[in-house]
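Architecture at a glance
Now for the letters of each chain:
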Amino acid sequence: MLDLKFIRDNADTVRHAIQVKGVPLDLDELLRVDRELVELRARLETLQAERNANAKLVPKAGADERAALIARGKDLAEEIRAQEPALRAHEDALKQLLLRVPNIPHPSVPVGRDDSENVELRREGTLPTFSFTPLDHVQLLEKHGWADLERVARVSGSRSYLLKGDAVRLEQAIINYALDTLADAGFTLVSTTALVRPDTLVGTGHFPGGEDQVYKIEGADLMLAGTAEVPVNSLHAGEVLAEADLPVTYAAISAAFRSEAGSAGRDVRGLMRVHEFKKVEQYVITRADEAEGLAMFERLLGNAETILRGLELPYRVLQNCTGDMGAGKVLMYDLECWVPSEEKYRETHSCSYLGDWQARRTGIRYRDEAGRMQFPHTLNNTGIASPRILVPFLEVHQQADGTVRVPAALRPYLGGREVLGA
Ligand SMILES: Nc1ncnc2c1ncn2[C@@H]1O[C@H](COS(=O)(=O)NC(=O)[C@@H](N)CO)[C@@H](O)[C@H]1O
């Protein structure tokens with residue numbers, strides 16, 4: 001959500017953002033509803049002023065005049081009541097339209113239609129070379145009995161997964177390594193539910209628009225969030241924080257649920273794209289200052305890179321173009337890890353800076369040192385998401401004998417073991 005005054009004063013900038021982000025919104029309709037609402041409110045104020053003035057005359061009026069004044073008062077009250085439905089309808093329409101207004105992309109964001117126009121910024125790490133024919137992650141899981149994808153498909157349908165034996169320890173080890181890395185970076189650890197009220201999805205910006213991605217719970221006013229960003233973003237909804245409380249930095253582990261509507265046929269094999277996964281999420285609330293927000297963006301990106309370097313996974317950093325960054329973002333980078341079996345980099349992390357766009361929708365505020373009420377800025381980035389991270393991990397660290405090497409940073413989480421599957 002953007003400030004209505006900002007939209008009125010910068011209509012062309014907002015129109016450009018709508019166009020380059022491909023957002024389905026007619027700004028002229030919003031500005032028309034806004035103007036009509038201003039006129040309605042003005043007319044209502046005039047009527048209320050007249051009614052108040054009229055009411056003041058009644059006690060001083062003579063008997064014959066009093067009846068006329070009281071009748072006038074009743075007419076005015078009736079005219080005011082008659083305006084109510086139109087006023088409510090315009091207020092609701094404007095609110096719904098405002099929720100669709102995209103954030104203004106940072107000047108550095110490349111204009112593009114979709115992810116094919118994201119820009120590669122840099123590559124890190126050395127791509128693996130194999131003296132043997134490498135297996136893909138499903139073959140490695142099957143070789144070691146580390147998953148039972150057939151049985152779980154009978155239990156839960158497609159895009160489900162079940163890990164067994166050392167793969168379970170590996171998943172836990174990677175998650176705990178990510179949590180420790182973020183705790184060492186000063187983040188407050190959180191373990192939270194994915195069950196959320198619908199308005200929390202409006203707060204993050206998933207709604208309106210992303211309804212088909214979200215599982216709903218029948219008979220309850222609850223839905224299953226696709227990322228801990230959703231519950232954590234609403235932890236402080238409706239609160240007024242103190243500037244001294246900022247930045248708030250959370251590292252939140254939760255289950256994440258996604259219908260993957262629209263992904264038919266993509267990544268149907270194995271662990272890449274499933275309906276329920278585990279994610280450690282970095283979520284931050286900072287002061288309303290772009291320089292500070294951009295610095296925090298680099299910190300969140302750096303945290304994820306620290307984790308990937310510890311896992312010894314080669315990756316690249318992409319800057320998302322306007323058509324692949326979503327309505328609420330000012331700036332967004334994806335991290336993609338090398339997947340040998342695909343001979344491609346695949347997304348494992350997504351880092352975003354959203355200015356005050358989420359705080360406005362969620363009703364998070366803070367009082368700055370001058371005592372002024374402000375909307376803070378919010379950011380988020382993936383810390384680690386499993387089982388997707390297991391795809392590059394298993395494939396990159398596989399050895400000729402089919403065992404999987406454990407990078408040094410992970411050994412303390414696996415009882416010191418240097419190899420899995422021996
Ligand atoms: N269906 C899925 N199955 C497995 N992993 C997924 C799935 N969807 C997303 N992920 C993982 O979750 C990461 C973050 O998802 S995201 O939608 O890109 N971004 C967010 O959710 C942000 N809150 C930052 O984490 C992805 O980079 C990917 O690693």
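Per chain, residues are indexed from 1 in the order of the written sequence. Since the coordinates come from a predicted model, pLDDT governs what is reported: local features require at least 70, and pairs of side-chain atoms require 80 or more to be given and counted, while whole-chain, interface and lining totals use all residues. Computation of side-chain values covers all heavy atoms of the structure but excludes hydrogens and water.

Okay, the environment of V284 next. Mapping V284 onto the fold places it in strand β8 (residues 276-286). Measuring from C-alpha to C-alpha, the distance between V284 and E229 comes to 9.6 Å, with 55 residues separating the pair along the chain. The contact partners of V284, leaving out residues within four places of it in the chain, are F187, P247, V248, T249, M296, L300, H377, T378 and L379. Labels follow the DSSP assignment, with helices taken as runs of H or I lasting at least four residues and strands as runs of E lasting at least two, numbered in each case from the N terminus. Contacts are residue-level and defined by heavy atoms, with any inter-residue pair within 4.5 Å sufficient.

What follows is about helix α2 (residues 11-21). Here the term buried applies to any residue with accessible area under 20% of the maximum for its type, exposed to any over 50%, and partly exposed to those in between, with areas from a 1.4 Å probe on protein chains only. Residues of α2 that are buried: A11, V14, A17, I18, V20 and K21. Buried-residue contacts for α2 involve α1 (4-9) and α3 (27-60). Once α2 ends, the next one or two residues include G22, with phi positive near 65 degrees.

With that settled, consider the environment of L94. Within the secondary structure layout, L94 lies in helix α4 (residues 63-99). For the pair L94 and R35, spaced 59 residues apart in the sequence, the C-alpha separation amounts to 10 Å. Those residues in contact with L94 that sit more than four places away from it in its chain are L4, L30, V33, D34 and L37.

Neighbouring residues are identified by heavy atoms, a residue being near a molecule or strand if any of them is within 4 Å of it. Looking at the ligand, there are 19 residues lining it, with E229, E260, E281, E347 and T382 nearest. The separation between a nitrogen atom of the ligand and a polar side-chain atom of E260 is 2.7 Å. For this analysis, a polar contact is any N or O atom pair within 3.5 Å, provided that within protein one partner can donate a hydrogen and the other can accept it, and provided that sequence-adjacent residues contribute only side-chain to side-chain pairs. T382 is positioned with one of its side-chain polar atoms (N or O) 2.8 Å from an oxygen atom of the ligand. All accessible areas in this document rest on Shrake-Rupley with a 1.4 Å probe, and a residue is counted as covered only by the protein chains that are shown. In the complex, 91% of the free accessible area of the ligand, which totals 570 Å², lies under the protein chains. When contributions to the shell around the ligand are tallied by element, the ones reaching two or more residues are β8, β11 (344-353) and β14 (377-386). Basically, the charged four are Asp, Glu, Lys and Arg, the nonpolar ten are Ala, Val, Leu, Ile, Met, Phe, Trp, Tyr, Cys and Pro, and anything else, Gly included, counts as polar. Residues belonging to the shell around the ligand are distributed by class as follows: four nonpolar, seven polar and eight charged.

What follows concerns the sheet that holds strand β12 (residues 365-367). Being paired, for any two strands, means DSSP has found at least two bridges between them. The mixed open sheet is built from three strands, whose spatial order is β6-β12-β13. Because the sheet does not close on itself, it has two edges, and the strands there are β6 (240-242) and β13 (373-374). Relative to β12, β6 is paired through three bridges, and the arrangement is parallel. From the neighbouring strand, L241 faces β12, where its bridge partner is Y366.

Note that domain bounds follow an automatic or database assignment of domains. For the protein chain, the assigned domains are domain 1 (4-99) and domain 2 (115-420). Listed by partner, the interface residues are four residues for domain 1 and eleven residues for domain 2. A quick way to say it: buried area is the sum, across both parts, of accessible area lost when two parts are put together, with a 1.4 Å probe. Between domain 1 and domain 2, roughly 540 Å² of surface is buried when both sides are summed, and carbon and sulfur atoms account for 58% of that area. For salt bridges, the criterion is a side-chain nitrogen of Lys or Arg within 4 Å of an Asp or Glu carboxyl oxygen. On inspection of domain 1 and its partner domain 2, the count reaches zero salt bridges. Where domain 1 meets domain 2, there are five residue pairs in polar contact (both at pLDDT 80 or more). Per-class residue counts for the side of domain 1 that touches domain 2 are three nonpolar, no polar and one charged.

Our focus in this paragraph is the pairing of β8. Each regular strand shows side chains that alternate between the opposite faces of the sheet. Where burial is concerned, most of β8 is hidden: nine out of the eleven residues are buried. Where strand β7 (residues 248-257) and β8 come together, ten bridges link them in antiparallel fashion. The residue bridging A251 from the neighbouring strand is Q282, located in β8. Looking at chain direction, β8 and β14 are connected through nine bridges and run antiparallel. Its bridge partner lying in β14, K279 is registered against A385.

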